[in-house]
Amino acid sequence: MSRWLQAPLYLGLIVAQGIYVWQFWRELVHLIGMMGLDKPITETEIMLIVLGLIDVVMISNLLIMVIVGGWETFVSRMDLDNHPDQPEWLSHVNAGVLKVKLATAIIGISSIHLLKTFINATEMDNDTMMWQTLIHLAFVLSAVAIAFTERLLHAPARQGAHH
């Protein structure tokens, strides 16, 4: 029954998901509002705002993976088998798969931030760009290490299935 102590944590993440929905709409309304101004908006300004929207969506997707996958893995089965709304990835989720999916989602989010930095390169100092690039590479290496470790840990099970 102690697994149910995690339920409030996942409910809190659902609240955080709502905050990200609010943030997305605020940014979208801001972009739409900029279109009506007398001062023309540049393609770079549009691109940066759209990248911000994509960033919010990717973080929101990460939250969904943690909420649904974590609940299913650590709290209670959701009994979504054969349900039309069941996420495709949920049928084979476990703690290892969830870690790899989260690591790749973090890389995607980091990529968006890095792209925003490079688009704004003229306004950034070299140290900031270097550190953001190194941090991104650390995320990539971490994800590769997690995926490799998961593959090693589950190799005996896969080999047994093939024989």
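Since the model is a prediction, treat every value here as computed from it, not as a measurement.

Caption draft 1: Structural view of helix α3 (residues 95–119). Taking 1.5 Å of rise per residue, the 25 residues of α3 would be expected to cover 36 Å, and the 36 Å separating its terminal C-alpha atoms lies within 8% of that figure. Gly-96, Leu-98, Ala-103, Ala-105, Ile-107, Gly-108, Ile-109, Ser-110, Ile-112, Leu-114 and Thr-117 are the residues of α3 that are buried.

Caption draft 2: Broad picture of the packing of aromatic side chains. Tallied over the entire structure, the rule returns 1 aromatic pair. Ring plane angle 85° and centroid distance 5.8 Å describe the contact between Phe-24 and Trp-25, whose orientation is recorded as edge-to-face. By relative accessible area, which is 21% here, Phe-24 ends up partly exposed.

Caption draft 3: Here's a closer look at the confidence of the model for the protein chain. Per-residue confidence for the protein chain averages 83 on the pLDDT scale, and 84% of its residues sit at or above 70. Mean pLDDT values over the elements of the protein chain span from 83, in helix α4 (residues 126–162), up to 92, in helix α1 (residues 7–35).

Caption draft 4: Fine view of the packing of helix α2 (residues 43–75) against α3. In the contact formed by α2 and α3, the axes pass within 10 Å of each other and the chain directions differ by 170°. Relative to α3, α2 is oriented roughly antiparallel. Here the residues of the contact of α2 with α3 are counted per class, giving 19 nonpolar, 7 polar and 3 charged.

Caption draft 5: Quick peek at the environment of Ile-109. As for its placement among the helices and strands, Ile-109 is situated in helix α3. Given the relative accessible area of 11%, Ile-109 is considered buried. Residues in contact with Ile-109, not counting those within four places in the same chain, are Asp-55, Met-58, Ile-59 and Leu-62.

How each quantity is defined
Residues numbered from 1 in each chain as written. Predicted model: local features only at pLDDT ≥ 70, side-chain atom pairs only at ≥ 80, totals over all residues. Heavy atoms only, no water. Helix = DSSP H or I, 4+ residues; strand = E, 2+ residues; numbered from the N terminus. Expected span 1.5 Å × (residues − 1). Buried < 20%, exposed > 50% of the residue type's maximum accessible area, 1.4 Å probe, protein only. Phe/Tyr/Trp six-rings, centres within 6.5 Å; stacked < 30°, edge-to-face > 60°. pLDDT = per-residue confidence, 0-100. Axes fitted to C-alpha atoms, helices over the stretch in contact; angles between N-to-C directions. Parallel < 35°, antiparallel > 145°, perpendicular 65-115°, else oblique. Nonpolar A, V, L, I, M, F, W, Y, C, P; charged D, E, K, R; others polar. Contact = heavy atoms within 4.5 Å.

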